[in-house]
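# Summary of the model geometry
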There are 2 protein chains.
Amino acid sequence: MAFQQVPVRNVDITSTFWSQMQRCSKEKTIPAIIKAQKSLQHWYCLTWKEGHEIQPHPFWDSDIYKIVEAACYFLMKSKDEELMATVEEAVDMIRAAQHPDGYINSYYTVLGVDKRWTNLRDMHELYCLGHLAEACVAYETLTNSGRLLEPVLRALHHVDSVFGCEPGKKRGYPGHQEIEIGLLRLYELCGEPLLLKLAKYFISERGRRDAKGETYFDHEAKARGGDPYEHFGSEMKAWFQYPRDYSYNQADQPLLETTEVKGHAVRAMYYYIAATDLARLTGDNDIKRVLDHMWADMTETKLYITGSIGAMRQWEGFGARYVLGDTEESGTCYAETCACFALILWCQRMLQLDLNVKYADVMEIGLYNGFLGAVGLDGGSFYYQNPLRTYTGHPKERSAWFEVACCPPNVAKLLASMGSLIYSFKENLVAVHLYIESEFRVPGTDVVVSQKTNMPWSGDVDITVKGATQLALRIPTWADGYKSSVEGDVRDGYLYIAQSQDLDIKLSFKLKARRVYPNPATGKDQICIMRGPLVYCIEDVDNDVDIDHVGVIDDDVSDGEPINIAAVSGVIPVKAMGRELVQGQSSLYAPRLWKYGDKKSLLYVPYFLRANRSGKGGMTVWARRLESL
Amino acid sequence: MAFQQVPVRNVDITSTFWSQMQRCSKEKTIPAIIKAQKSLQHWYCLTWKEGHEIQPHPFWDSDIYKIVEAACYFLMKSKDEELMATVEEAVDMIRAAQHPDGYINSYYTVLGVDKRWTNLRDMHELYCLGHLAEACVAYETLTNSGRLLEPVLRALHHVDSVFGCEPGKKRGYPGHQEIEIGLLRLYELCGEPLLLKLAKYFISERGRRDAKGETYFDHEAKARGGDPYEHFGSEMKAWFQYPRDYSYNQADQPLLETTEVKGHAVRAMYYYIAATDLARLTGDNDIKRVLDHMWADMTETKLYITGSIGAMRQWEGFGARYVLGDTEESGTCYAETCACFALILWCQRMLQLDLNVKYADVMEIGLYNGFLGAVGLDGGSFYYQNPLRTYTGHPKERSAWFEVACCPPNVAKLLASMGSLIYSFKENLVAVHLYIESEFRVPGTDVVVSQKTNMPWSGDVDITVKGATQLALRIPTWADGYKSSVEGDVRDGYLYIAQSQDLDIKLSFKLKARRVYPNPATGKDQICIMRGPLVYCIEDVDNDVDIDHVGVIDDDVSDGEPINIAAVSGVIPVKAMGRELVQGQSSLYAPRLWKYGDKKSLLYVPYFLRANRSGKGGMTVWARRLESL
């Protein structure tokens, strides 16, 4: 039996570190996003009629849905009349925006609804409805009013009347996956069989080719006149590498024939999240086997050490195996925030299907590094891209808003629903994936599992169980050994503790700084420093060395004295030794090895805290490995 | 006083190595290209009238002009009635294709000539005329008939009537530079002042912005209705990184304000070739200063060790500083053949302006590696891209033809006119840039300079001078010392030998294999092996090791016994020691350094000879540096 997802309501996060991040998100991020949407008029796009003077962006609708979803999660934890009123305002707009046949989409409403469903590849009608379905799950969980469930079910029945294998229906699927997630989440909420059927259809239809090798995207392009990928003489190029390369959309082949992660990273992750949920709900082992291949391909060849994914800027997605450039300038470190967000959710889903520490390891790495570093400590600024290196003179500032505003609401969604990452459960078993101070009230029981810990700075965790349950406690792969006051068996990286009543467990992980080396296939001979799940970096504000030209000596590293970085206190830095490249060696190639100078001490700080202080912009995660001789 | 370019007619190449390449080019490449053009109908595009059923590609014209140019160079050296007849057939077609006002372009003739000159950014009308002017120089040098000069001058007068600073003219310039080169070459041939004026105009007008910051490309886009870079909702992207980033065309700023090489590599090189010629013809020191900056930027941060340029596939051009990926799969090793071809010509032009070994070094590296390796030893197959690494199971075959067929004719042009790379001259001084067995009859004198050498395999060169002249003999930077039987002064890497009559000089360079290390800013800690100007690589056909996972030990390397590779005999391989990565280390990151196995010997062969034998595709120029301990 698979694990169930934990309701947001049932977890209270008491960690100083994380509750500060959550408070900041609720009090600063969400109001900032709503304010930006309103002042830019995006917020009102659902009220516009055909021919409105502003043509909405194809996915402005989804920004509204995502912020509604995030707001509902926060509202489950604490009341806020103003925020609730904003949510209800959005629900009113959504209800009023629905066409008589159930269709909801501001872009085609303004452009002319007769043009709808003609370009699934590029437009985002199904994508937006997927986010609406997710918002509906959050809203109905909060209110149970049916005010969103009713129009959303009508919208999805309309989708079913248009798409499917039945005669007379279009055999389309979305250019950007997301509706599959929404359908399955809503199915789990309300049990309507049509939702499961439709999700199955979209997932299994995707990438099917006809006898001529053409996909639905070819068919619909011809139906609207000509192949839009032909850009003869216009010097334009598709996002992907060549015309009709639908691997950008993971639509070049069916899911069950796929063996590697490719194309647009967010689309890929949304696809696999839904496929994982489908495998869990239907017990489909073929899908699970494919997902295992994808997982291996991604984690062994295409994953940044920060948990970011998607090296290639051109298609915002996965590059070739081992192509993991560090700098944004190079065009090979896209590392989009939304992609890391989505990867974390994929890990969450894989953990429900298959309790194995490898998923929790990546989830934790992504959470503390690629994801968390995307948010400024002010809670109101964000990175869209998350390079592992920036150069002196070219600092990278976080932005308050983006033209394509997908990332900020996703950050708010994840922080608001973090409780569901920490734990999962099934009958008489609670799994603890992340050590974050919190309390989990197991649904349908009187069991309460709580943790006290100062992670990620200390490796000690006190776990208390009230009531009776079995436990599966993660032993992180980064931990250099563990101790537990209660014995148990370790399977797939989880310590299983037999049923026990009102138990106290003292867990302890050795948490010390370590050097990490990249596979030579990456072309790198460099060192990164980690401590527990945290990736560290060197910034020029802490170091009197030329960050752009420093190497690190391949020798022991050690914890420094705790420091404060902006609002985060008790940060443990790491000390290492390095050498600067001797100046004046400007040639690109030389017949002798480059010379490095005298030893200098280096102070490393967690990567997620980068660029929150002053400095000239010099920052790097990886540094050249220098022999310790 | 600047150096003059050597007429093709005045140099006989007697080197076995190079005359074989030239013969192959004349006997195989040129007939193959003409045959392909004819069978694909491209050859006849200039005869087509408005509304013809085939719409020519915007630059099919240029393929005809380039092959005419190459053919004329070969015809200067030896008669060939069939080839001459083909050239005259092309000249007839060109003459007949001219519109009454002088305009020549098959694309707009078929599309409707009223649409001409509306999209200089993307279309190639001026580019094609530039190649026509170059063909004209070659044809008139060969025939002196005026049959091409007359229509070409009329075409260029037409261009002058449309473009320029004068009131009523369009202030345009080409999206793809080339006409500037043709104008200046034709000016040097016939002395028509209008040609110099027009070239100056195109070069100085390029990148100018109006008070609103808009360029001509913006103006013409608006004039034809809307900004074509706006692709709202269509998921399309420009070749360059963001809309209106005219650095793709080097048109984002004027030449004199530019400090770095950027954008499409071939366009950049054609631009700098013309600018160098303009600086030489006008003595403009400001241009020279800018070119020096470009040179430094390119050679210190953006040049492959093979002399290839243009790492980025997306815009077929220069990436960020030090971003020089080795594999095509990664999207960061485009390294187009035409770009290397053009770089060689830029070096040739810089040498005329400023006799400095640094230009000859790069010219020679490009010639023997990035350029020469693009041609198969069959003379009829070519690489468009020239990666420095290919993986086992993914061999890279040379192709007989390309849809965009720019590279093969450029290969033929360069091989046909190679004599003009070896020498240059001015009054009473002959400069020798390349040591290639040949004879140079100095124009307007009875001086003959000839070389006997087995370069690139041996470092010994016998130079004989008949008649009286001073000499400047290049001392290659790769040479680990030199000996000369005649004394002289070395300035900027050239050995100047005073005026002498009927002289024999024995020159000798130490030619031994050496290790080369890349600047740490590239992120690499790897070794490449070179011998003289030749870059070496390891291929699986010679080595019983896993080429994809081998490191090279940082220790002395040595020459192997001469071998034959296909038709090339006397090839000197290089022996080194390496170690294979121990198998089973599949993780992407690890807390310990990767393990390498026992020592194994490695056999290196010249990179230009790669992929001419069997093998599974494993090939690399760079290999991980392993300590020699």
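This is a predicted model, so every value here is computed, not measured.

Turning our attention to the overall build of chain A. Regarding its fold elements, chain A presents 15 helices and 26 strands. Taken over C-alpha atoms, the radius of gyration comes to 25 Å for chain A, in line with the 25 Å a tight globule of 629 residues would show. A sequence separation of at least 24 residues applies to 70% of the contacts in chain A between residues at least 6 apart. Here chain A has roughly 22,000 Å² of accessible surface; of this, 49% comes from carbon and sulfur atoms. Between the centroid of the 69 positive side chains of chain A and the centroid of its 82 negative side chains there is a distance of 2 Å.

A separate point is the packing of helix α8 (residues 193-205) of chain B against helix α10 (residues 265-282) of chain B. All names here are of chain B. Look at α8 against α10: their axes get within 11 Å of each other, and the N-to-C directions meet at 125°. Put simply, α8 runs oblique to α10. Considering how the two elements wind past one another, α8 and α10 form a crossing that is left-handed. Packed against α8, whose contacting residues are L196, K200 and I203, the element α10 presents Y271, A274, A275, L278 and T282 at the interface. Of the residues contributing to the contact of α8 with α10, the split by class is six nonpolar, one polar and one charged.

A word on the UniProt feature "domain: Non-reducing end beta-L-arabinofuranosidase-like GH127 middle" (unreviewed entry) in chain A. The UniProt feature table records "domain: Non-reducing end beta-L-arabinofuranosidase-like GH127 middle" (unreviewed entry) at residues 430-500 of chain A. Secondary structure over residues 430-500 of chain A splits into 0% helix and 58% strand, and the C-alpha atoms at its two ends are 12 Å apart.

Residue and element names in this part refer to chain A. Along the chain, D548 turns up in the loop between β17 (534-539) and β18 (550-553). For D548, which is buried and forms no salt bridge, the nearest opposite charge comes from R389, at a distance of 4.9 Å. Side chain to side chain, D548 and T392 meet in a polar contact 3.0 Å long. Other than its neighbours up to four places away in sequence, D548 contacts R389, T390, Y391, T392 and G618.

Residues and elements named next belong to chain A. Following both chains from N to C, one finds helix α1 (residues 16-39) and helix α3 (residues 81-97) inclined at 40°, their axes separated by 12 Å at the closest point. By the criterion of interaxial angle, the relationship of α1 to α3 is oblique. The two elements α1 and α3 cross, and the hand of that crossing is left-handed. Of the residues in α3, those touching α1 at K26, I30, I34 and K38 are L83, T86 and E89. Among the residues making up the contact of α1 with α3, the classes are represented as three nonpolar, one polar and three charged.

Now for the relation of the copies chain B and chain A. Taken as rigid bodies, chain B and chain A are interconverted by a rotation of 180° and an axial shift of 0.0 Å, the fit giving an RMSD of 0.0 Å. As the rotation angle and translation indicate, the two copies are arranged about a two-fold axis. The overlap is high: 100% of the interface residues of chain B also sit at the interface in chain A, so the same surface is used on both sides.

Looking now at the packing of aromatic side chains. Two numbers describe a pair of aromatic rings. These are the distance of the centres and the angle of the planes. The full count for this structure, using the stated rule, is 50 aromatic pairs over all chains. Consider the rings of B:Y423 and B:F440, whose centres lie 4.9 Å apart with planes at 25°: the pair is stacked. Of this pair, B:Y423 sits in strand β7 (residues 423-426) while B:F440 sits in strand β9 (residues 438-441), and the two are 17 residues apart along the sequence. Looking at B:F440, the relative accessible area reads 0%, which means it is buried. In textbook terms, an aromatic cluster arises when at least three aromatic residues are bridged by ring pairs, as seen for A:F17, A:W18, A:Y368, A:W457 and A:F608. Over the face of the ring belonging to A:Y496 we find A:R491, whose NZ or CZ atom lies 3.9 Å from the ring centre. Over the face of the ring belonging to B:Y103 we find B:R116, whose NZ or CZ atom lies 4.6 Å from the ring centre.

Quick notes on the rules
Residues numbered from 1 in each chain as written. Chains lettered and ligands numbered in written order. Predicted model: local features only at pLDDT ≥ 70, side-chain atom pairs only at ≥ 80, totals over all residues. Heavy atoms only, no water. Helix = DSSP H or I, 4+ residues; strand = E, 2+ residues; numbered from the N terminus. Rg over C-alpha atoms; globule rule 2.2 N^0.38 Å. Contact = heavy atoms within 4.5 Å. Areas by Shrake-Rupley, 256 points an atom, 1.4 Å probe, with all protein chains shown as cover. Lys, Arg positive; Asp, Glu negative; His and termini not counted. Charge placed at Lys NZ, Arg CZ, Asp CG, Glu CD. Axes fitted to C-alpha atoms, helices over the stretch in contact; angles between N-to-C directions. Parallel < 35°, antiparallel > 145°, perpendicular 65-115°, else oblique. Left-handed = near helix turned anticlockwise from the far one by under 90°. Nonpolar A, V, L, I, M, F, W, Y, C, P; charged D, E, K, R; others polar. UniProt positions renumbered as here; feature names shortened; annotations may be inferred. Buried < 20%, exposed > 50% of the residue type's maximum accessible area, 1.4 Å probe, protein only. Salt bridge = Lys/Arg side-chain N within 4 Å of Asp/Glu carboxyl O. Polar contact = N/O pair within 3.5 Å; in protein donor to acceptor, adjacent residues only side chain to side chain. Least-squares fit on C-alpha atoms with pLDDT ≥ 70 in both. Phe/Tyr/Trp six-rings, centres within 6.5 Å; stacked < 30°, edge-to-face > 60°. Lys NZ or Arg CZ within 6 Å of the ring centre and 35° of its normal.

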